[in-house]
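Below are the chains, spelled out letter by letter.
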Amino acid sequence: MGDSPVMVWDSVLSDLRTQIPSTSFETWFSEAQPLDYANGALVIGVPDSFKKGGIERRYRETIEGIATSVCRQPVSLEIRVLAPSLEDAAPHPQEDEVTATVGGTLPLNPDYTFAAFVRGENNRLAVAASEATADAVARNLKKPYNPLFVYGSVGLGKTHLLQAIGNSVTAADPTRSVVYTTSERFAIELIHAIRKNGTAAFREKYRQVDLLLIDDVQFLKGKEATQEELFHTFNELHGSRKQIVLSSDRPPEDLAGLQDRLVSRFKWGLEADIQPPDFETRMAILREKAMTRGLDVDHDVLELIAKRISSNVRALEGALVKAIAYAELQGQPLTPRSIEGILPKEGRRPRLTVSHIKEEVALHYQIPLPELDGASRKKEIAQARQVAIYLARELTELSFPSIGREFGDRDHTTIMHAYSKIKLLLADTPLLNADITDLQEALESRYSLIR
Ligand code: ADP
Ligand code: MG
């Protein structure tokens, strides 16, 4: 077939954009470029091995699935690093994650609308408050809740809701100034402003908006200058009756490491939580996702997916996409039987052990398993080892000395040090956070935990 690499990659990107949060989309794909497409192999280039690893681990299957349906033949993905590794030059992955587009406002994902957001008991208050807020901003009415603070654990729709507010306001009145950002991006933009030409333009930008949406404020932890700046921005906007909407993975009172005066402002308006969806809501979400993709999926298949995946909507959606791609690859109709193998197991699962954790971590970071017990201090290996130790402590009941014995007879102080290091890093390293969430979800779906 005469598909060009550019064409294939463009179709992949436009589909992918609808499937993953826009911040992740930008992080991973803003600099990727198509290099070649021949004999069922799509080759893309990325600037560094950090991106390569990330795309590999998180998105390979999805990309191959989409490319396979675009090209109507099985496609495998190959990722090449175009420039020498920049990792050593950029100590913080967080920086490298956002510098690409510093200064620009994050675009809203047009698919994140209220219409596409399925309501359930789990999110009723959050949706109602979001709609009322959007309406008040669009029509310049008195704001019912300011700020609106939406919280809930990962993958439950916080970003979708925040962006739906933005999209709805922009649709109703395109002259309203809407800014969506994340707390990490806000922080990095501020640092760049300070380094470059002072903060005047930065302040101007943020203090003139009608609606400021800040996603994931839990990552403000430890960022004093950013908290300071946000405090003043908040006061300015609130004082001139402009709307602020925030999201977080926990309620304001649990935001340890944030200045009290900031947290107290977060509580001025309404706190609305989002809980994991119940079975009926999961079914409704799956139907909505299948429909927006123009897919006709059997009730039985949706039901199996909804039964097996319960705590995270992103995972639910991911399983649907994976199931479809998988059935297509196998050239089989999509039935509960045909997708059984790719879903988390039901019933009695083996009890989680440190060996399971090591296997999963080694696979995730693509390093040889024995290295986790070994003495190598190479950065990737040392970090993977620390992650494995962290997970062993979090997910099993073992003491530090027993964990030490499992990791090449290390002393318990070494183990404690590794554990606290990861715990500390987790608070303000979104990428490590994502890695650990992925690992934890993978382990919890296959093994039973005694905690
Ligand atoms: P969070 O920001 O809380 O981690 P996201 O907003 O990124 O979660 O949601 C993850 C995925 O799940 C997105 O693709 C989003 O569209 C979808 N999603 C979450 N909740 C719902 C819902 N109630 N209806 C439809 N889609 C949802
Ligand atoms: Mg989010």
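Residues numbered from 1 in each chain as written. Chains lettered and ligands numbered in written order. Predicted model: local features only at pLDDT ≥ 70, side-chain atom pairs only at ≥ 80, totals over all residues. Heavy atoms only, no water.

1. Comments concerning the pairing of strand β8 (residues 270-273)
Consideration 1: Judged by which residues are buried, β8 turns out to be one-sided: Leu270 and Ala272 face inward and are buried, whereas Glu271 and Asp273, on the alternate face, are not.
Consideration 2: Sheet analysis places strand β4 (residues 148-151) next to β8, joined by four bridges and oriented parallel. Along β8, the bridge assignment pairs Tyr151 with Asp273. (Buried < 20%, exposed > 50% of the residue type's maximum accessible area, 1.4 Å probe, protein only. Helix = DSSP H or I, 4+ residues; strand = E, 2+ residues; numbered from the N terminus. Pairing = 2+ DSSP bridges.)

2. Things to note about the pattern of salt bridges
Consideration 1: Inspection of the entire model under this criterion finds 23 salt bridges.
Consideration 2: Between Lys205 and Glu189 there is a salt bridge whose closest N-O contact spans 2.8 Å. Placement of Lys205 in helix α8 (residues 200-207) and of Glu189 in helix α7 (residues 183-196) is noted, with a sequence separation of 16 residues between them.
Consideration 3: Residue Glu394 is joined to Lys423 by a salt bridge in which the shortest nitrogen-to-oxygen separation is 4.0 Å. Highlighted residues: Glu394 in helix α16 (residues 379-395) and Lys423 in helix α18 (residues 412-428), separated in sequence by 29 residues.
Consideration 4: By relative accessible area, which is 45% here, Lys423 ends up partly exposed. (Salt bridge = Lys/Arg side-chain N within 4 Å of Asp/Glu carboxyl O.)

3. Remarks on the nonpolar core
Consideration 1: Membership of the largest hydrophobic core comes to 47 residues, with the highest contact counts inside it found for Ile305 and Ile339.
Consideration 2: Among the elements that take part in this core, helix α13 (residues 313-330) stands out by supplying seven residues, more than any other.
Consideration 3: Every residue in contact with Ile305, bar those within four places of it in the chain, is listed here: Leu286, Leu316, Ala319, Leu320, Ala323, Ile339 and Leu343.
Consideration 4: Ranked by size, the runner-up nonpolar core spans 30 residues in total, among them Leu352, Ala362, Leu391 and Phe400. (Core = buried A, V, L, I, M, F, W, Y, C linked by side-chain atoms within 4.5 Å. Contact = heavy atoms within 4.5 Å.)

4. Comments concerning the packing of aromatic side chains
Consideration 1: Counted by the stated rule, this structure contains twelve aromatic pairs.
Consideration 2: Each member of the aromatic cluster is reached from another via a ring pair, and the members are Phe149, Tyr151, Phe234, Phe266 and Trp268.
Consideration 3: When the ring centre of Phe407 is taken as reference, the NZ or CZ atom of Lys358 above it lies at 5.0 Å.
Consideration 4: A cation sits over an aromatic face here: Arg393 above Phe400, 4.1 Å from the ring centre. (Phe/Tyr/Trp six-rings, centres within 6.5 Å; stacked < 30°, edge-to-face > 60°. Lys NZ or Arg CZ within 6 Å of the ring centre and 35° of its normal.)

5. Considerations on the sheet that holds strand β2 (residues 41-46)
Consideration 1: Spatially, three strands are ordered β1-β2-β3 in an open sheet, and the strand pairing comes out mixed. Across the chains shown, the open sheet's two edge strands, defined by having one partner strand only, are β1 (33-38) and β3 (76-81). Pairwise comparison of adjacent strand axes, ignoring direction, gives a mean angle of 20 degrees for this sheet.
Consideration 2: Here six bridges tie β2 to β3, and the two strands are oriented parallel to one another. Bridge pairing links Leu42 to Leu77 in β3. (Axes fitted to C-alpha atoms, helices over the stretch in contact; angles between N-to-C directions.)

6. Brief notes about the packing of helix α15 (residues 354-365) against helix α19 (residues 430-446)
Consideration 1: Interhelical geometry of α15 versus α19 gives an angle of 135 degrees and a closest axis separation of 11 Å. Between α15 and α19, the crossing angle belongs to the class labelled oblique. Crossing geometry of α15 relative to α19 is assigned as right-handed. On α19, the residues touching His356, Ile357, Glu360, Val361, His364 and Tyr365 of α15 are Leu432, Asp435, Asp438, Leu439, Ala442, Leu443 and Arg446.
Consideration 2: Across the contact of α15 with α19, the residue classes break down as seven nonpolar, two polar and four charged. (Parallel < 35°, antiparallel > 145°, perpendicular 65-115°, else oblique. Left-handed = near helix turned anticlockwise from the far one by under 90°. Nonpolar A, V, L, I, M, F, W, Y, C, P; charged D, E, K, R; others polar.)

7. Points about the environment of Tyr59
Consideration 1: In this fold, Tyr59 is placed in helix α3 (residues 49-71).
Consideration 2: With 43 residues separating them in the primary sequence, Tyr59 and Leu16 have C-alpha atoms 9.2 Å apart.
Consideration 3: Apart from the residues within four sequence positions on either side, Tyr59 is in contact with Ile20, Ser24, Trp28, Phe29 and Gly54.

8. Quick word on the side chain of Gln218
Consideration 1: Along the chain, the position of Gln218 falls in the loop between β6 (211-215) and α9 (224-239).
Consideration 2: Here Asp249 takes part through its backbone nitrogen, which lies 3.2 Å from a polar atom of the side chain of Gln218.
Consideration 3: In this structure, Gln218 is in contact with Ser247, Ser248, Asp249, Arg250, Leu255 and Ala427, ignoring residues within four places of it in sequence. (Polar contact = N/O pair within 3.5 Å; in protein donor to acceptor, adjacent residues only side chain to side chain.)

9. What about the environment of Thr170?
Consideration 1: Mapped onto the elements, Thr170 comes out in helix α6 (residues 158-172).
Consideration 2: Taking the relative accessible area as the measure of exposure, Thr170 reaches 30% and is therefore partly exposed.
Consideration 3: Separated by 32 residues in the primary sequence, Thr170 and Ala138 have C-alpha atoms spaced 7.7 Å apart.
Consideration 4: Ignoring anything within four residues of it in the chain, the contact list for Thr170 reads Leu108 and Val178.

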